[in-house]
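Structural overview for review
Spelled out from the first residue to the last, the chains are:
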Amino acid sequence: MPQRPYVIDKMISAKAIAARIEDLCGEIKAEFTDTDKLVVVGLLRGSFVFIADLVRELDLPIEVDFLEASSYGDGMESSREVRILKDLRGTIEGRDVLVVEDIVDTGYTMHHVIRLLKGRNPAKLRTIALLDKPTKREVEVKADWTGFEIPDEFVVGYGIDFAQRNRNLPYIGKVRFT
Ligand code: IMP
């Protein structure tokens, strides 16, 4: 599908993201202190930059695993139907789990993933989302930690894409069609 031309307006700087991650990691470390069984689960693909920065601020003994759920495809609207495209490599039964998501929008993805992982009997399950668009919510779900609440804008950068582009921007920007 040919892409309409657009520009990206900066919304959250790389510096602001780094500062927020440092704050959040203080709280996460307190929650998981004394554990040697934490698995940090990144939801692909949008969380790959966030999880990389997050785990380097977490000086805890952790393992990293990934789960891929279907989401927007190449469009700008949630499909509302969540399918698991790639499952975890490891088992989480009896482990502490921190699920790392890029954006909670309608909430379908997070809701589905929490239900799936809870069914595998982890000792503790917590969630973190870099961004939250609360006005778009259709399913009641809230991450235990949120980086930034944002308005209903389509955003890209810092791992987040528009039709697979712009993931490599170091900041979060909003898409504006020209
Ligand atoms: P939800 O299931 O509607 O909450 O959508 C969650 C997923 O949709 C996120 O993990 C993103 O992959 C994608 N998404 C939601 N909002 C945006 C956006 O503004 N830009 C790019 N992807 C988005």
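Note that the coordinates shown come from a computational prediction; the quantities given were computed from them, not determined experimentally.

1. Concerning the side chain of E68
Within the secondary structure, E68 is located in strand β3 (residues 62–69). With residues up to four places along the chain from it excluded, the contact list for E68 reads L44, R45, R83, I84, L85 and K86.

2. Quick notes on the site of the ligand
Inspection of the region around the ligand gives 18 residues, with D102, T106, T109, K133 and V155 positioned closest. Within the side chain of T106, a nitrogen or oxygen atom sits 2.4 Å from an oxygen atom of the ligand. Against a free-state accessible area of 490 Å², the protein chains account for coverage of 95% of the ligand. If you list the elements that add at least two residues to the shell around the ligand, you get β5 (96–104) and α3 (108–118). Per-class residue counts for the shell around the ligand are seven nonpolar, five polar and six charged.

3. Observations regarding unusual backbone geometry
In the segment running from L44 into R45, the intervening peptide bond is cis, with an omega of -5°. Secondary-structure assignment places R45 in the loop between β2 (38–44) and α2 (48–57). Despite not being glycine, D34 shows a phi value in the positive range, around 70°. Along the chain, the position of D34 falls in the loop between α1 (14–31) and β2. What makes D34 exposed here is its relative accessible area of 78%. One non-glycine residue, N121, lies in the positive phi region at around 55°.

4. Considering the packing of α1 against α2
In contact at an axis separation of 9 Å, α1 and α2 are set at 60° when each is read in the N-to-C sense. Judged by the inter-axis angle, α1 sits oblique to α2. Remark: the crossing between α1 and α2 carries right-handed chirality. The residues of α2 that touch α1, namely those facing I21, E22, C25, I28 and K29, are F50, D53, L54 and E57. The class makeup of the residues in the contact of α1 with α2 is five nonpolar, no polar and four charged.

5. Some details on the sheet that holds strand β1 (residues 6–12)
Read from one edge to the other, the open sheet built from three strands follows the order β1-β9-β8, with strand pairing classed as antiparallel. Where the open sheet ends on each side, the last strands, each with one partner, are β1 and β8 (155–156). Inspection of the sheet shows β1 paired to strand β9 (residues 172–177) by six bridges, in the antiparallel sense. In the sheet register, I12 faces β9, and the bridge partner there is I172.

6. With respect to the sheet that holds β3
In space, the six strands of this open sheet follow the order β4-β3-β2-β5-β6-β7, with mixed pairing throughout. Because the sheet does not close on itself, it has two edges, and the strands there are β4 (84–86) and β7 (145–149). Taken pair by pair, the neighbouring strands of this sheet meet at an average axis angle of 25°, ignoring direction. Judged from the seven bridges that link them, β2 and β3 form a sheet pairing that is parallel. Paired with L38 across the bridge in β3 is I62. Set on the sheet, α1 makes contact with β5, β6 (124–132) and β7; between it and β7 the angle comes to about 160°.

Definitions and cut-offs
- Residues numbered from 1 in each chain as written.
- Predicted model: local features only at pLDDT ≥ 70, side-chain atom pairs only at ≥ 80, totals over all residues.
- Heavy atoms only, no water.
- Helix = DSSP H or I, 4+ residues; strand = E, 2+ residues; numbered from the N terminus.
- Contact = heavy atoms within 4.5 Å.
- Near = heavy atom within 4 Å.
- Polar contact = N/O pair within 3.5 Å; in protein donor to acceptor, adjacent residues only side chain to side chain.
- Areas by Shrake-Rupley, 256 points an atom, 1.4 Å probe, with all protein chains shown as cover.
- Nonpolar A, V, L, I, M, F, W, Y, C, P; charged D, E, K, R; others polar.
- Buried < 20%, exposed > 50% of the residue type's maximum accessible area, 1.4 Å probe, protein only.
- Axes fitted to C-alpha atoms, helices over the stretch in contact; angles between N-to-C directions.
- Parallel < 35°, antiparallel > 145°, perpendicular 65-115°, else oblique.
- Left-handed = near helix turned anticlockwise from the far one by under 90°.
- Pairing = 2+ DSSP bridges.

Any functional reading would require information beyond the geometric quantities listed.
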